[in-house]
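Topology and contacts: notes
Listed below, chain by chain, are the residues.
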Amino acid sequence: MELRQLEYFVAVAEEGSFTRAAERVHISQSGVSAQIRQLERELGAELFDRSARAVTLAPAGKAALEHARDALAAAGAVGRAVDEVSGLIRGRITVGMVIGCTVTPLFEALAAFHAAHPGVEISLLEDASDRLAEAVRTGAVDLALIGAAARTPDGLDALTVVSERLVAAVPPGHALGKRRQVTLRDLAAYPVVCMPPGSGLRAVFDQACAAQGVAPSIALQASAADAVAGLAARGLGVAVLSESMAESHRDRLTAHVIADVRTPALLALVWRPARNPALSALLTHCRRAFGKDAAGPAPENRPGTRG
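Predicted model, so just to flag it, every value in this text is computed and none were measured. Each chain has its residues counted from 1, running along the sequence as written. Local features are withheld for residues below a pLDDT of 70 in this predicted model, meaning they are given only at 70 or higher, and side-chain atom pairs are given and counted only at 80 or more; totals for whole chains, interfaces and linings count all residues. Where side-chain values are given, they derive from all heavy atoms of the structure, hydrogens and water being excluded.

1. So, the nonpolar core
Side-chain atoms within 4.5 Å link the members of a nonpolar core, which is a set of buried Ala, Val, Leu, Ile, Met, Phe, Trp, Tyr and Cys residues. Working definition: with a 1.4 Å probe on protein chains only, accessible area under 20% of the residue-type maximum means buried, over 50% means exposed, and in between means partly exposed. Leu-166, Leu-184, Leu-187, Phe-205, Val-240 and Leu-241 are the most contacted members of the largest nonpolar core, which totals 34 residues. Among the secondary structure elements, those contributing two or more residues to this core are strand S7 (166-170), helix H7 (184-187), strand S8 (191-194), helix H8 (200-212), helix H9 (225-233) and strand S10 (238-242). Excluding its chain neighbours within four sequence positions, the residues that come into contact with Leu-184 are Phe-205, Ala-208, Cys-209, Gln-212, Val-214, Ile-258, Asp-260 and Val-261. Numbering of helices and strands runs from the N terminus, with a helix taken as a DSSP run of H or I at least four residues long and a strand as a DSSP run of E at least two residues long. Whether two residues are in contact is decided by their heavy atoms: any pair within 4.5 Å suffices.

2. Details of helix H6 (residues 129-138)
Helical geometry note: an α-helix holds 3.6 residues per turn, so side chains three or four residues apart project in the same direction. Burial in H6 covers these residues: Ser-129, Leu-132, Ala-133, Ala-135 and Val-136. Looking straight down H6, one finds its buried side chains confined to an arc of 160 degrees; they lie on one side. In this structure, the buried residues of H6 make contact with strand S3 (91-98), strand S4 (120-127), strand S5 (143-149), H8 and strand S12 (265-271). Gly-139 lies just past H6 and shows a positive phi near 90 degrees. The arc in question is the one traced by the directions running from the helix axis out to the C-beta atoms.

3. Focus on the pairing of S5
The buried count for S5 comes to 7 of 7 residues, which makes it a mostly enclosed element. Alternating residues of S5 divide into Leu-143, Leu-145, Gly-147 and Ala-149 and Ala-144, Ile-146 and Ala-148, and every residue in both groups is buried. Should DSSP find at least two bridges between two strands, the strands are taken to pair. Across 3 bridges, S3 lies against S5 in parallel orientation. Within the sheet, the bridge partner assigned to Val-95 lies in S5 and is Leu-143. Strand direction decides the pairing type here: S5 and S12, joined by 7 bridges, are antiparallel. Considered in S12, the bridge of Ile-146 is made with Ala-268.

4. What to know about the layout of surface pockets
A probe matching the size of a water molecule, rolled over the atoms, marks out where space remains unfilled. For each structure, a 1 Å grid was placed over the protein atoms alone; sets of points admitting a 1.4 Å probe that cannot get out are labelled cavities, open sets with protein on both sides within 12 Å along at least five of seven lines are labelled pockets, and lining residues have an atom within 4 Å of a point. Grid points are joined across faces, edges and corners, and a volume is the space filled by probe spheres set on the points. Taken as a whole, the second largest pocket holds about 630 Å³ of empty space. Around the second largest pocket sit 31 residues that line it, and Gly-100, Met-195, Ala-225, Met-245 and Leu-267 are the ones nearest its centre. Secondary structure elements with two or more residues in the lining of the second largest pocket: strand S6 (157-164), H8, H9, helix H10 (243-247) and S12. Ranked by residues supplied to the lining of the second largest pocket, first place goes to S12 with 3 residues. Taken together, the residues of the lining of the second largest pocket sort by class into 16 nonpolar, 12 polar and 3 charged. All residues other than Ala, Val, Leu, Ile, Met, Phe, Trp, Tyr, Cys, Pro, Asp, Glu, Lys and Arg, Gly among them, are scored as polar; the first ten of these are nonpolar and the last four charged.

5. Observations concerning the pattern of salt bridges
Salt bridge criterion: a side-chain nitrogen from Lys or Arg within 4 Å of a carboxyl oxygen from Asp or Glu. Counting across every chain of the model gives 16 salt bridges. Between Arg-4 and Glu-2 there is a salt bridge; the shortest N-O distance is 2.7 Å. Exposure remark for Arg-4: the relative accessible area of 40% places this residue in the partly exposed category. Classification of Glu-2 by relative accessible area gives partly exposed; the value is 37%. A salt bridge links Arg-250 to Glu-247, with the shortest nitrogen-to-oxygen separation between them at 2.8 Å.

6. Concerning the environment of Val-257
The topology assignment puts Val-257 in strand S11 (residues 254-257). Among the residues examined, Val-257 registers a relative accessible area of 32% and is labelled partly exposed. Val-257 sits 42 residues away from Ala-215 along the chain, and the two C-alpha atoms are 19 Å apart. Those residues in contact with Val-257, other than ones at most four positions away along the chain, are Arg-165, Leu-166, Val-167, Val-182 and Glu-243.

Here it is in structure tokens:
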């Protein structure tokens, strides 16, 4: 039994596909299949049920999965311990980013980290904030930049980089643009353009509407703030954005803070509390890029605290 066989086994189990697992571990699908078959012969049991369209764990696979993960984690810890003694940082780190992100400090942090630690392979993926948070919990993603409502996800360490109120943004001549203040009920009289479910901004908006019994008409949804603003600028609805998102489009949109939505929309970095030299080094670069103290504030999502 080899560590690479366990790595391939875990990859297939988490991806639910030999094809996606092969892409993840950077070898051919036939190579993954051959190594899994060899592992099954050594163990004397099938690890996967291949009879259905989707690959699922067989009973033996379910029993072996956590042990395989533990073995890989232990092997990784051995390498990290040696690296710490020798002053090297290497390996692989996976960074998640909310879809439509244009937050350049994250890109600057990744570039600085790569320059300082070229031996670390960086993977970057986009997804919805709720799925990214879950991926961090399971260990599939090491660090993620996500949107959240009011507080960062439980069970994860976090560094909030943006905390802002929601605004309603409209093109010139729109009736809401002439008001001194805008409420959710004012907004509900018009079609709305906003981000999709799974984003932090949308969570703030949905929670506020539910709390006040307001049912706005969501006309259009887009994952990128620029797209939401562009649709609103063309008269297709009232854009619901954060303050800084709307500020970028003040030449074509008038924005009012939604007076009765006081819960802030957050943008935060989240990670699992664990010893990982590569992650610690990347967090140092992130704090620097986002203008935080190099030592960083205490993690914001310990029990009893808020982001």
